[in-house]
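Report on the structure
Next come the chains, spelled out residue by residue.
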Amino acid sequence: MTTTDETQTARPAGRPRSARAEKAIIDATLDLIGESSGLAELSIEAIAARAGVGKTTIYRRWSNKEDLLVDALATLKSPLPSPRGGSVRDDLVAYVEVFQRDACDASKRCVMNIAMNEAERHPRLVERIRQVTIEPRRAAIAALLRRGMATGELRADMDPLIAMAALIGTAMWYVRSEGVAEVSRELAERIVDQLLAGIAPAEAVKAGP
């Protein structure tokens with residue numbers, strides 16, 4: 001038997017984890033965060049009781065409450081689609097649709113806001129949450145914007161951070177201030193096209209007064 005075969009057929013040591021139990025634990029954690037006034041009030045005992053599992057079931061998967069909180073909060077952010085490799089515009093529209101979808105879920109926003117508001121009391125935990133939930137998105141958006149700068153679809157002197165903030169902030173603003181309650185590709189296209197009018201190559205923009 002080859003090494004590859006051994007790798008494919010070997011069973012992990014210990015008792016197999018239940019996907020159903022893990023989902024129940026994650027859901028219970030998020031529910032309790034939403035009902036709490038902060039992360040410090042949560043306990044493994046309360047999470048286990050809400051999920052209908054024993055504490056040992058939780059500790060088989062997570063070594064401590066902080067690890068569980070980070071993994072639970074990471075599920076609140078929808079994954080960004082892989083870039084199709086066509087136009088940067090089309091990929092940006094697909095990203096903005098995801099931002100809209102997440103912003104439209106009021107319960108997810110509430111839970112994430114509770115967690116992120118703990119920065120002063122639990123700076124290390126909030127930084128871990130940021131690294132897991134926010135930074136991967138920032139990296140993906142930055143990579144897409146850099147691709148556009150390299151191909152000439154975007155201005156070479158563009159500030160990626162400002163462009164990123166404009167994309168995400170505008171999508172969230174429409175949900176929170178304009179009452180948009182569902183994903184709209186037409187709105188995503190308008191947001192991207194309006195932004196591109198400001199960050200497109202200089203020769204494609206009409207000269208100002």
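Data block above holds the structure.
Residues numbered from 1 in each chain as written. Predicted model: local features only at pLDDT ≥ 70, side-chain atom pairs only at ≥ 80, totals over all residues. Heavy atoms only, no water.

The next subject is the overall build of the protein chain. Each helix and strand in the protein chain was counted, giving 11 helices and 0 strands. Secondary structure elements of the protein chain occur, N-terminal to C-terminal, as α-α-α-α-α-α-α-α-α-α-α. A buried classification covers 35% of the 209 residues belonging to the protein chain. Expressed as a percentage of contacts within the protein chain between residues at least 6 apart in sequence, the contacts between residues at least 24 apart total 67%. (Helix = DSSP H or I, 4+ residues; strand = E, 2+ residues; numbered from the N terminus. Buried < 20%, exposed > 50% of the residue type's maximum accessible area, 1.4 Å probe, protein only. Contact = heavy atoms within 4.5 Å.)

So, on to the environment of Asp102. Secondary-structure assignment places Asp102 in helix H6 (residues 88–104). According to the relative accessible area criterion, Asp102 is buried, its value standing at 8%. Apart from the residues lying within four places of it in its own chain, the contact partners of Asp102 are Leu76, Lys77, Ser78, Arg109 and Arg137.

What follows is about the layout of surface pockets. Approximately 530 Å³ is the volume attributed to the largest pocket. Elements with a contribution of two residues or more to the lining of the largest pocket: H6, helix H7 (106–116), helix H8 (123–133), helix H9 (135–151) and helix H10 (160–178). No other element matches H10, which puts 6 residues into the lining of the largest pocket. Per-class residue counts for the lining of the largest pocket are 11 nonpolar, 2 polar and 9 charged. (1 Å grid on protein atoms, 1.4 Å probe; cavity = no way out; pocket = protein on both sides within 12 Å on 5 of 7 lines; lining within 4 Å. Points joined across faces, edges and corners; volume = space filled by probe spheres on them. Nonpolar A, V, L, I, M, F, W, Y, C, P; charged D, E, K, R; others polar.)

This next bit is on the pattern of salt bridges. This structure, assessed with the given rule, holds 18 salt bridges. Here Glu22 and Arg61 are joined by a salt bridge, their closest N and O atoms 3.6 Å apart. A residue pair is termed long-range when its members are at least 10 positions apart, and Glu22 in helix H2 (residues 19–35) and Arg61 in helix H4 (residues 55–61) qualify at 39 residues. Overall, the relative accessible area of 31% leaves Arg61 in the partly exposed class. Between Asp91 and Arg147 there is a salt bridge, with the nearest N and O atoms lying 3.0 Å from each other. Placement of the pair is Asp91 in helix H6 and Arg147 in helix H9, with a sequence separation of 56 residues. When its relative accessible area of 23% is taken as the criterion, Arg147 is described as partly exposed. (Salt bridge = Lys/Arg side-chain N within 4 Å of Asp/Glu carboxyl O.)

For the rest of this paragraph, the subject is H8. All of the buried residues along H8 are Leu125, Val126, Ile129 and Thr133. Seen from one end, H8 has its buried residues packed into an arc of 95°, which puts them on one side. The exposed set on the far side of H8, more than 90 degrees from its buried face, consists of Pro123 and Arg124. On its buried side, H8 packs onto helix H5 (65–74), H7 and H9. (Arc of directions from axis to C-beta.)

Purely spatial values, then, with no claim about function.
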